[in-house]
Structures are given as C-alpha cells and as structure tokens.
Amino acid sequence: MRRAQAWLRLVGPRSPVFRRRVAITGGAITIGLIAIVFAAAADRASAAFQLMIATYPLAPLALTPAGFAAIVAITNRYVPAARGSGIPQVIAARSHPETALDGLLSIPVAIGKAVLTLASLLVGASTGREGPTVQLSASVMALWHRFLQVPMRASMIIAGGSAGVAAAFNTPLAGIAFAIEELAAAYEQRMALLVMTAILISGAVASGLAGDYIYFGAIGASMPIGGVLVVAPVAGLVGGVAGGLFSRLVLAAASPEFAPMRRAKRHPIAFAAGCGLVVAILGCVTHITWGTGYDAAHAVIVGVHAPLWFGIAKFVTTLTSAVAGLPGGIFSPSLATGAGVGNLLRWAFPDEPGTAVVLLGMVAYFTGVVRAPLTAVFILTETTASRGLLLPMFAAALVANQTSQWVCREKLYHGLSKTFGGASEAP
C-alpha cells in the first residue's frame, strides 16, 4: 500500500508529472484548433479585401493608409506587445517563462494580435498569419500550464510556438526543426519528447480537421544533378543576399540608433499611414502584391507567367508593412518574395526545370531572412511534396545561410526580440 501511494504521488493524477503531460496534450490540441480557426479567418479577410478591390480598384489608395494608421494607433495604445511578427515575442518570453502569461504572452495581447492581424489583411498589408499563430500558440500553452498549476519552462514556450508552426502549415517536421533551431542554445534535453509530442499532436489535430492538405499542392519537383551543381549555389547566393538585406533593413528600422527611423517614430501614426500609401500604390499598380502573396507564389511555382519585377515589388511591400509596426508575420510574404527570386532565376536558367528552380529560390530567400535552414527546407518540402528536391534545397539553404550572415550578422527574430525587453543569446 505504501508503495502504491508513493507511485500515485509520483505519477498519479495529482502529481506534477501527470499535470504537465495533461497541460502539454491539452495545449497542443487547443493550438491545433485555434490554428485552423485563425487560418480560416485570415483567408476570409484576404478574400474580402480582394472582393473589395475587384469592385473598387482605387479604394486602397485611401483605405490602406488609413487602415495602417488606425491599426498602429490601436496597437501602440492598447497592445504594444502585439506589434510585429510574434516570433520575437516568443523568443523574448523564454527568458522569463514564469511571468510570460502576464506580459508578452498574455491573453489580451494574444486576442489583440489575432484581431489586428486580421485587420491588417483586411486593408491589404503584405503580412502573414504564421508568425501571429506562433505567439497565439505559445500563449495557449502558457495558459494551460497556469490553469493546471504547472511551472512554466522556456522549452514549453518554444514547444507551443513550434506547435503553431506545425499547425499553421500542416508541416510537423518543420515545427520540430523550428524548435531545434530556436532552442539550440538553451535546450532541455529531457524535454525533447514532450516538445515533439506537442508539435505532433497539434499538427495531427489541424490535419484531422482541415484534411491532409499540402499547402502549395503536390508539386513533386526534381532536378538533375548537373543542374543542381549550378543552380543551387547561385540560388543560395542570390537568396541569401536578398534575405539578408531584408533582415538588415528591418533590424535597422527597429534600432533606436538609426536616425531616420528615430525621427519617424516621433510620429508613428503618420509614418504608418505613409507606409500604407506605399503598399497601396504598389498594389494598385501591380495588382499582385497584396496580402500574404499565396496566390501569386502558387502561380509562379506551377509555371504561370509572372513579371520579373514581382519579387522586388513584394520585397518592398513586405518591408514597408513590417517596419510600419503592424501586427502580422513575414513567413508567407517571404515565401512569396522567394517565389519572385525564383522567377528571376528561372529566367536566368531557362533550360532547367522551372518549378524546381523557383523552389530553390524560395528556400534560399526564406533562409536568408530567418536564418533557419532546417525550418526552411522542411517547410518547402512539406508544403510542395517535393522530396526529390530535399538535398538541392539543403545545398541552397546552407549557402544562403552563410551568405546572409555576411550581409546581416544578427538573426532577425533574435534581434527583434531585444525590442521587447527580453534578453536573447548573442548571434
């Protein structure tokens, strides 16, 4: 009897171990559900904006600047921790996991993040839902731990965020890669199984509800070895430079030492309106740079003709949306910009399989921005079912990762996390 009582205290329903497992499982299931609902809401917001511009093509010239200004004003006044992607907040929160639910991962911040991200899509901002999903997911995981009175750990914050990546793209391997790459400096080895469990459960819930879908469709691209030896290094260099430049500009805009932005931040609402005007003008002229860029990216991947300047235009609108201070992510817009980079490479290598060239450009640019080559490769592999390109993608991603470091020494998300008062490790 004494042994049975001791065993129950150790692993029974009231034990810390049992409650932690329930918190992780419950959190992962909830994350999968929230990711599906948020994705559907984001798609509806983007569709509503597209319907509006189909009826009133010039309306964004007034709506987008006004929307940018209003969203930034609301964000700065009520939920300043909701600005930007959401991934920097998660990285910053892991420094003080026990108080994260009262600050960067609080429920009011999470709700504000979701609502304002949808508002950004409604006014045509070049932003995405994946980064906000990461912050929402980490908040959900923290809430479950508090509800069950389980001490919150840094690894569980990253597990929640990584589960959000898995559920948002239906890419469990990418979620695991994200956890590994972001936890490399402070990973609790004994928590590895629980972290992966949370990621796989959330991915399974999202897949079960939304179907076993492939984000960009089953592309199944491949490339002969001769083409890989030429295209992959070039894609890595071009994508790494472009992605590193994007990161450097965003970090410069966030730095208090950057004089032009210091002056702009004295009038944040007017600055946001100016950014909205840039996005509106480019959108009205090009018609393909609005929102996440999913449709344009998918069209480029499957071989639909796109203008060579698409990548440059999407780069500018995404950069402008990011520095304006709107809540919203850069995952999807970066993939769209990467498709534009791949479109340029397809023109440079007309004898190589066009779809494969575009995917190498996408993985290279995405790696250049986020400096997470494993995550980039697994996202593109799982969202296109192009397993035949796995090794070429790794080659392009590794070259892009190194090239990006030459352009921007600091990793984007870790640099931005410092603006939220959380210490992150040195690059």
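Residues numbered from 1 in each chain as written. Predicted model: local features only at pLDDT ≥ 70, side-chain atom pairs only at ≥ 80, totals over all residues. Heavy atoms only, no water.

**Student:** An account of the overall build of the protein chain is needed here, citing residue identities and associated values.
**Tutor:** When its secondary structure is counted, the protein chain shows 19 helices and zero strands. Relative to the compact-globule value of 22 Å for 427 residues, the protein chain shows a C-alpha radius of gyration of 21 Å, a close match. Principal-axis analysis of the C-alpha atoms places the extent of the protein chain at approximately 75 × 55 × 40 Å. Going through the 427 residues of the protein chain one by one, you find that 57% of them count as buried. Partitioning the contacts of the protein chain with sequence separation of at least 6, the portion at a separation of at least 24 is 80%. (Helix = DSSP H or I, 4+ residues; strand = E, 2+ residues; numbered from the N terminus. Rg over C-alpha atoms; globule rule 2.2 N^0.38 Å. Buried < 20%, exposed > 50% of the residue type's maximum accessible area, 1.4 Å probe, protein only. Contact = heavy atoms within 4.5 Å.)

**Student:** Residues and numbers for the packing of helix α12 (residues 268-286) against helix α14 (residues 310-323), please.
**Tutor:** The packing of two helices is summarised by the inter-axis angle and the distance between the axes. Across the interface, α12 lies against α14 with an axial gap of 9 Å and an inter-helix angle of 160°. The angle between the axes of α12 and α14 places the two elements in the roughly antiparallel class. As for how α12 packs across α14, the hand of that crossing is left-handed. Contacts from Phe 271, Cys 275, Val 278, Val 279, Leu 282 and Thr 286 of α12 reach α14 at Ala 313, Val 316, Thr 317, Thr 320, Ser 321 and Val 323. A class-by-class count of the residues in the contact of α12 with α14 yields eight nonpolar, four polar and no charged. (Axes fitted to C-alpha atoms, helices over the stretch in contact; angles between N-to-C directions. Parallel < 35°, antiparallel > 145°, perpendicular 65-115°, else oblique. Left-handed = near helix turned anticlockwise from the far one by under 90°. Nonpolar A, V, L, I, M, F, W, Y, C, P; charged D, E, K, R; others polar.)

**Student:** A description of the packing of aromatic side chains should follow, citing residues and the corresponding values.
**Tutor:** What the rule picks out here adds up to seven aromatic pairs. When the centroid spacing of 5.7 Å and the interplanar angle of 80° are considered together, the rings of Phe 246 and Phe 315 count as edge-to-face. With a gap of 69 residues between them, Phe 246 in helix α10 (residues 225-254) and Phe 315 in helix α14 connect regions that are remote in the sequence. Accessibility expressed as a relative area gives 15% for Phe 315, which makes it buried. Among the aromatic residues, ring-to-ring pairing joins Phe 169, Phe 331, Phe 366 and Tyr 413 into one connected group. Geometry around Phe 420 places Arg 83 over its ring, the cationic atom sitting 4.3 Å from the centre. (Phe/Tyr/Trp six-rings, centres within 6.5 Å; stacked < 30°, edge-to-face > 60°. Lys NZ or Arg CZ within 6 Å of the ring centre and 35° of its normal.)

**Student:** Give me α14: which residues, what numbers.
**Tutor:** Taking 1.5 Å per residue as the helical rise, α14 with its 14 residues ought to reach 20 Å, and the 20 Å between its terminal C-alpha atoms agrees with that figure. Most of α14 is tucked away, with eleven of its 14 residues classed as buried. What α14 keeps buried is the set Phe 310, Gly 311, Ala 313, Lys 314, Phe 315, Thr 317, Thr 318, Leu 319, Thr 320, Ser 321 and Val 323. (Expected span 1.5 Å × (residues − 1).)

**Student:** I'd like a description of the environment of Tyr 294, backed by residues and values.
**Tutor:** Positionally, Tyr 294 belongs in helix α13 (residues 294-302). Spatially, the C-alpha atom of Tyr 294 lies 22 Å from that of Ala 400, the residues being 106 residues apart in sequence. Residues contacting Tyr 294, with those up to four places away along its chain left out, are Tyr 215 and Phe 216.

**Student:** Summarise the pattern of salt bridges; cite the residues concerned and give the values.
**Tutor:** Charged atoms that come close allow side chains of opposite charge to pair. The final tally for this structure, using the stated rule, is three salt bridges. Of the charged contacts in the structure, one is a salt bridge between Asp 102 and Arg 146, with a shortest N-O distance of 2.9 Å. Residue Asp 102 is located in the loop between α4 (87-93) and α5 (107-122), and its partner Arg 146 is located in helix α6 (residues 130-147); the two are separated by 44 residues in the primary sequence. Residue classification places Asp 102 among the exposed residues on the basis of a relative accessible area of 54%. Note on Arg 146: relative accessible area 42%, which makes it partly exposed. We note a salt bridge from Glu 410 to Lys 418, for which the minimum N-O separation is 2.5 Å. Using a relative accessible area of 23% as the deciding quantity, one classes Glu 410 as partly exposed. (Salt bridge = Lys/Arg side-chain N within 4 Å of Asp/Glu carboxyl O.)

**Student:** Tell me about the environment of Arg 153, and name the residues and values.
**Tutor:** Assignment of secondary structure puts Arg 153 in the loop between α6 and α7 (154-169). For Arg 153, a relative accessible area of 25% puts it in the partly exposed group. As a C-alpha pair, Arg 153 and Ser 95 span 58 residues in sequence and 9.4 Å in three-dimensional space.

**Student:** Break down the nonpolar core for me, with residues and values.
**Tutor:** Ranked by size, the top nonpolar core spans 113 residues in total, and within it Phe 68, Phe 246 and Met 362 carry the most contacts. No other element matches the twelve residues that helix α16 (residues 354-370) contributes to this core. Excluding residues within four positions of it along the chain, Phe 68 makes contact with Val 123, Ala 125, Ala 272, Ala 273, Cys 275, Gly 276, Val 279, Ser 321, Ala 324 and Leu 326. (Core = buried A, V, L, I, M, F, W, Y, C linked by side-chain atoms within 4.5 Å.)

**Student:** Talk me through the confidence of the model for the protein chain; I want residue IDs and the actual numbers.
**Tutor:** Here the protein chain averages 88 in pLDDT, and 92% of its residues register 70 or above. Within the model, the stretch residues 422-427 combines pLDDT values under 50 with 15 contacts to residues more than four positions away or in other chains. (pLDDT = per-residue confidence, 0-100.)

**Student:** For the packing of helix α2 (residues 16-55) against α6, give the residues involved together with the corresponding values.
**Tutor:** Contact pair α2 / α6: the axes reach a minimum separation of 8 Å and the direction vectors enclose 150°. Crossing geometry of α2 relative to α6 is assigned as right-handed. For the pair α2 and α6, contact is made by Arg 20, Val 22, Ala 23, Ile 24, Gly 26, Gly 27, Ala 28, Thr 30, Ile 31, Ile 34, Ala 35 and Phe 38 and by Pro 132, Thr 133, Leu 136, Ser 137, Val 140, Met 141, Trp 144 and His 145, respectively. For the contact of α2 with α6, the residue count by class is 13 nonpolar, six polar and one charged.

**Student:** A description of the side chain of Thr 117 should follow, citing residues and the corresponding values.
**Tutor:** Relative to the helices and strands, Thr 117 resides in helix α5. Relative accessible area serves as the criterion here: at 0%, Thr 117 is assigned to the buried category. With residues near it in sequence (within four places) discarded, Thr 117 still touches Phe 38, Gly 128, Pro 132, Pro 327 and Gly 328.

**Student:** Go over unusual backbone geometry with me, naming the residues and quoting the values.
**Tutor:** When glycine is set aside, most residues are seen to have a negative phi, and most peptide bonds are trans. The residue Asn 170 is not glycine, and still its phi comes out positive at about 60°. Inspection of the secondary structure puts Asn 170 in the loop between α7 and α8 (172-182). Here Asn 170 falls in the buried class, since its relative accessible area comes to 10%. The backbone of His 287 sits at a positive phi, close to 70°, despite the residue not being glycine. Checked against the element boundaries, His 287 lands in the loop between α12 and α13.

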